[in-house]
Amino acid sequence: MFVIRIPRYWRSKGFRYRLEGYRCEKCGHFHHSPRLVCRKCGSRSIRRDRLSQTGRLISYTVVKSSTPLFEQYVPYVVGVVKMVDGSLVVGQVTDCDPEELREDMQVEVTLRKIRVDGENKLIQYGYKFRPVIE
Amino acid sequence: MQKVYIAGYGLTKVGEHWDKSLETLMAESALKALDYTGLSRVDEICVSNVYGEVLQEQLVLGSVLAEELGVSGVPAVRVEAGAASGAAAIRYAVNAIQSGITNVVLVCGGEKLTDGTQEESLSLLSMDERYEVAGEIGSHFFSTAALLYRMYMRRYDVKQDGIASFSVISHENASTVQHAQYPFKIGLENVLNSPYVAEPLHRLETTAQADGAAALVLCSENIARKLDSPKVLVSGIHLATDFPNPFDREDPLHIQSLAASTSSLLSMRGISRGEVSFIELFDAASILAALSLESSGFIPRGKSGEAAMSGRLSLNGELPINTFGGLKARGHPVGATPIYQVAEAYLQLTRQAGKNQLDNVRFGLVESLAGFGSSSVSILLEEV
Ligand SMILES: [Zn+2]
């Protein structure tokens, strides 16, 4: 919350670096974090899977006020992206002026610096979205 | 099952209480509630507070409040369900009284956000979503609200004026309320000209840091008969949960947990939506007022803004909402907020709402949310 707990951050690296999560083998629902039970259908049959590398921006906002960890980065853009399988992923949108943003634009996943932790100088990387150049 | 009554309330003004600690604020509201009902002891205490272990580095707030009130020894716990904690605490008390194991429960909610910075408060508010896919990537409570807001305007093809009008209604209603954080009116142009927190959500469509405490005395019918204070019947209280992040749900613009809690509440009592006299709802961001009204079936989808601008939701309208200013203008001291909501409904139903008094009130509905409905609690209160 106000500080980064490194083991916790490390545990979520699959989704953060590769949009790798856990898909229900019965109903196909995707979860961003490890699950024992599908939250949608209750099945216990779950396998590791990755989301698509592209998607469609369905909503976005320019963040002007932030939490302590992101204060030095405002303003920045956060968007909701509909991936090929229909899952929605919230993430920062980069390489784009806010004025150029529009709903339905195609975006792709890119690995970027998310922030530098002031406390321990840890550089945190993770997925962001950027427009697909057509 | 025992019937449950609210027999008393106590409120502190919502604001910045630099000179008072969390426990002093809570004790102040609790003593007001006890004095109001003429009780000096209760069977149990249930505390609602959300951020105490972070901002005050304090747990065991049940024991702390019992000590403050000089009643150490009574059973006392703290209940947590995010921003709906106060409503979950009331539910705990209602269940305990209904079961017959206890007769009088003091429910006290308190929060002291000004012990932290504004940025920290925003971080805390965001804990009602799952952290790894929200807070950790730079998303927060108001940016999620903004994403939903933009989706809403696009889906229903509406302009911002309607949703922004919810702030105007809240301030109008709070302008005559002593315990409100912002007791003054604002116009639609003030809202729309205020800076963006996260576009399209303006500063004046959000809540600010607040301190406050509120308390209620809940009791069984036997005790209610012996007390002289005015009473209100708790006709029902329902809680439902959903995935914490709205974008994980089937439809991010539909708060299914609130739809479920409100529907089952009304059908258990056997009343229609048209019989609800007023609603105290959870406008932690303007768009949440619209999503609440639509999800719980009071207004057709996409039509809330229109309703807000038409005057239908104002104090003299057909379906008044947030009759003391709601979260926006009365204020949002998180752990205490649902207790304020219920106390305000109590004041309406016992004809003690002063300048904000509604005519012909019989059923008051309170809706409290954790985040975007990770937990939703609906409470029906009835005139006796
Ligand atoms: Zn499944």
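What counts and how
Residues numbered from 1 in each chain as written. Chains lettered and ligands numbered in written order. Predicted model: local features only at pLDDT ≥ 70, side-chain atom pairs only at ≥ 80, totals over all residues. Heavy atoms only, no water. Helix = DSSP H or I, 4+ residues; strand = E, 2+ residues; numbered from the N terminus. Rg over C-alpha atoms; globule rule 2.2 N^0.38 Å. Buried < 20%, exposed > 50% of the residue type's maximum accessible area, 1.4 Å probe, protein only. Contact = heavy atoms within 4.5 Å. Areas by Shrake-Rupley, 256 points an atom, 1.4 Å probe, with all protein chains shown as cover. Donors = N, O, S within 2.8 Å, 3.2 Å for Na, K, Ca; no water. Tetrahedral: all angles 85-135°; square planar, octahedral: opposite > 155°, others 65-115°. 1 Å grid on protein atoms, 1.4 Å probe; cavity = no way out; pocket = protein on both sides within 12 Å on 5 of 7 lines; lining within 4 Å. Points joined across faces, edges and corners; volume = space filled by probe spheres on them. Nonpolar A, V, L, I, M, F, W, Y, C, P; charged D, E, K, R; others polar. Domains from an automatic or database assignment. Salt bridge = Lys/Arg side-chain N within 4 Å of Asp/Glu carboxyl O. UniProt positions renumbered as here; feature names shortened; annotations may be inferred. Pairing = 2+ DSSP bridges. Axes fitted to C-alpha atoms, helices over the stretch in contact; angles between N-to-C directions. Buried area = accessible area lost by both parts, 1.4 Å probe. Polar contact = N/O pair within 3.5 Å; in protein donor to acceptor, adjacent residues only side chain to side chain. Core = buried A, V, L, I, M, F, W, Y, C linked by side-chain atoms within 4.5 Å.

Student: Help me understand the overall build of chain B in this model?
Tutor: Within chain B, the regular secondary structure consists of 14 helices and 11 strands. For chain B, whose C-alpha radius of gyration is 19 Å, the value lies close to the compact-globule estimate of 21 Å for 384 residues. Once the C-alpha set of chain B is aligned to its principal axes, its extents read approximately 55 × 45 × 40 Å. Across the 384 residues in chain B, those meeting the buried criterion constitute 68%. By sequence separation, contacts in chain B at least 24 residues apart represent 78% of the contacts at least 6 residues apart. Roughly 12,900 Å² of accessible area belongs to chain B as shown, and the carbon and sulfur atoms make up 47% of that amount.

Student: Would you explain the coordination of the zinc ion in this entry?
Tutor: Metal coordination angles in their ideal form are 109.5 degrees for the four-donor tetrahedron and 90 or 180 degrees for the six-donor octahedron. Around the zinc ion, the protein contributes the donor atoms A:C24 (SG), A:C27 (SG), A:C38 (SG) and A:C41 (SG), which lie 2.3 Å from the metal centre. Geometry at the zinc ion is tetrahedral, judged from the 4 donor atoms that bind it and their angles of 102 to 114 degrees at the metal.

Student: Looking at this model, I keep getting lost on the layout of surface pockets. Mind explaining?
Tutor: Where empty space is left in the structure can be found by rolling a water-sized probe over the atoms. Of the voids in this model, the largest pocket is the one considered here, and its volume is about 710 Å³. Lining the largest pocket are 33 residues; nearest its centre among them are A:H29, B:F247, B:D248, B:R249 and B:E250. Among the elements of the structure, β2 (30-31) and β6 (88-93) of chain A together with α6 (141-156) of chain B are those that each provide at least two residues to the lining of the largest pocket. With 3 residues, β6(A) is the single largest residue contributor to the lining of the largest pocket. Counted as a void, the second largest pocket has a volume near 470 Å³. Taken together, 25 residues make up the lining of the second largest pocket; nearest its centre are B:Q118, B:R203, B:T207, B:A208 and B:Q209. Examining the composition of the lining of the second largest pocket, we find that 5 residues originate from one element, helix α5 (residues 118-125) of chain B, more than from any other. For the lining of the second largest pocket, a count of residues per class yields 10 nonpolar, 9 polar and 6 charged. Residue-level mapping places the lining of the second largest pocket at the junction of two domains, with at least three residues from each of domain 1 (4-117 + 209-232) and domain 2 (140-207 + 235-383) of chain B.

Student: Is there a simple way to think about the pattern of salt bridges in this case?
Tutor: Oppositely charged side chains can form a pair if their charged atoms are brought close together. This model, assessed by the stated rule, comprises 29 salt bridges over all chains. B:E172 is paired through a salt bridge with B:K185; the nearest N and O atoms lie 3.6 Å apart. With B:E172 in helix α7 (residues 160-174) and B:K185 in the loop between α7 and α8 (188-193), this pair connects stretches of sequence that are 13 residues apart. Given the relative accessible area of 52%, B:K185 is considered exposed. Here B:R330 and B:E344 are joined by a salt bridge, their closest N and O atoms 2.7 Å apart. With B:R330 in the loop between α13 (326-329) and α14 (337-349) and B:E344 in helix α14, the pair connects residues that are 14 residues apart, well separated along the chain. B:E344 matches B:R330 in its accessibility class, with the two residues each being buried. Salt bridges sharing partners connect three or more residues here, namely A:R23, A:E25, A:R47, A:D49 and A:D85.

Student: Can you help me understand the UniProt feature "domain: ChsH2 C-terminal OB-fold" (unreviewed entry) in chain A in this one?
Tutor: This chain's UniProt record puts "domain: ChsH2 C-terminal OB-fold" (unreviewed entry) on residues 50-111 of chain A. Taken as a whole, residues 50-111 of chain A contains 0% helix and 50% strand, while its terminal C-alpha atoms sit 15 Å from one another.

Student: What am I meant to see in the UniProt feature "domain: Thiolase C-terminal" (unreviewed entry) in chain B here?
Tutor: On the UniProt side, "domain: Thiolase C-terminal" (unreviewed entry) is annotated at positions that read residues 248-382 of chain B here. In the segment residues 248-382 of chain B, helix accounts for 36% and strand for 14%; the C-alpha atoms at its two ends are 36 Å apart.

Student: Would you mind going over the sheet that holds strand β8 (residues 232-241) of chain B with me for this structure?
Tutor: Through backbone hydrogen bonds, the strands of a sheet pair up, either in parallel or in antiparallel fashion. Residues and elements named next belong to chain B. Strand order in this open sheet of 9 strands is β3-β2-β4-β7-β1-β8-β11-β10-β9, and the pairing throughout is mixed. In the strand order of this sheet, the two ends are held by β3 (76-79) and β9 (278-280), each with one partner. Along the sheet, successive strands turn relative to each other by an average axial angle of 30 degrees, direction set aside. Pairing between strand β1 (residues 4-11) and strand β7 (residues 211-220): 7 bridges, direction antiparallel. Looking at β7, one finds that V4 is bridged to S220. Packed on one face of the sheet, helix α3 (residues 61-68) meets β2 (44-48), β3 and β4 (104-112) and runs near 120 degrees to β2.

Student: Even after reading the chapter, I still don't get the interface of chain A and chain B, so can you show me in this structure?
Tutor: How large an interface is tends to be reported as the accessible area lost when its parts come together. Listed per partner, the contact involves 39 residues of chain A and 33 residues of chain B. When the two sides are added together, the surface that chain A and chain B hide from each other amounts to roughly 3,300 Å², 58% of it contributed by carbon and sulfur. Of the charged contacts in the structure, one is a salt bridge between A:R39 and B:D248, with a shortest N-O distance of 3.1 Å. Linking chain A to chain B there are 14 residue pairs in polar contact (both at pLDDT 80 or more). For the side of chain A that touches chain B, the secondary-structure elements that each account for two or more residues are α1 (6-11), α2 (13-18), β4 (54-63), β5 (76-83) and β6 of chain A. Residue composition of the side of chain A that touches chain B, by class: 18 nonpolar, 12 polar and 9 charged.

Student: Just checking my understanding: could you explain helix α11 (residues 286-295) of chain B for this structure?
Tutor: Three- or four-residue spacings in an α-helix give side chains the same orientation, since the helix completes a turn every 3.6 residues. Among the 10 residues of α11(B), 10 are classified as buried, and the element is accordingly described as predominantly covered. Within two residues after α11(B), B:G297 carries a phi angle of roughly 85 degrees, on the positive side.

Student: Which parts of the structure should I look at to understand the nonpolar core?
Tutor: Nonpolar side chains in soluble globular proteins tend to be buried together. All names here are of chain B. Core analysis: the largest hydrophobic core is formed by 97 residues, its most contacted members being I279, L293, F298 and L313. Here this core gets 11 residues from one element, more than from any other, and that element is α6. Taken together, domain 1 (4-117 + 209-232) and domain 2 (140-207 + 235-383) each give at least three residues to this core, which thus spans both. Sequence-distant contacts of F298, that is, excluding residues within four places in its chain, are made with T262, L266, R273, V276, I279, L293, R312, L319, L365 and E367. Counting 48 residues, the second largest nonpolar core, distinct from the first, contains V79, I90, L347 and L349.

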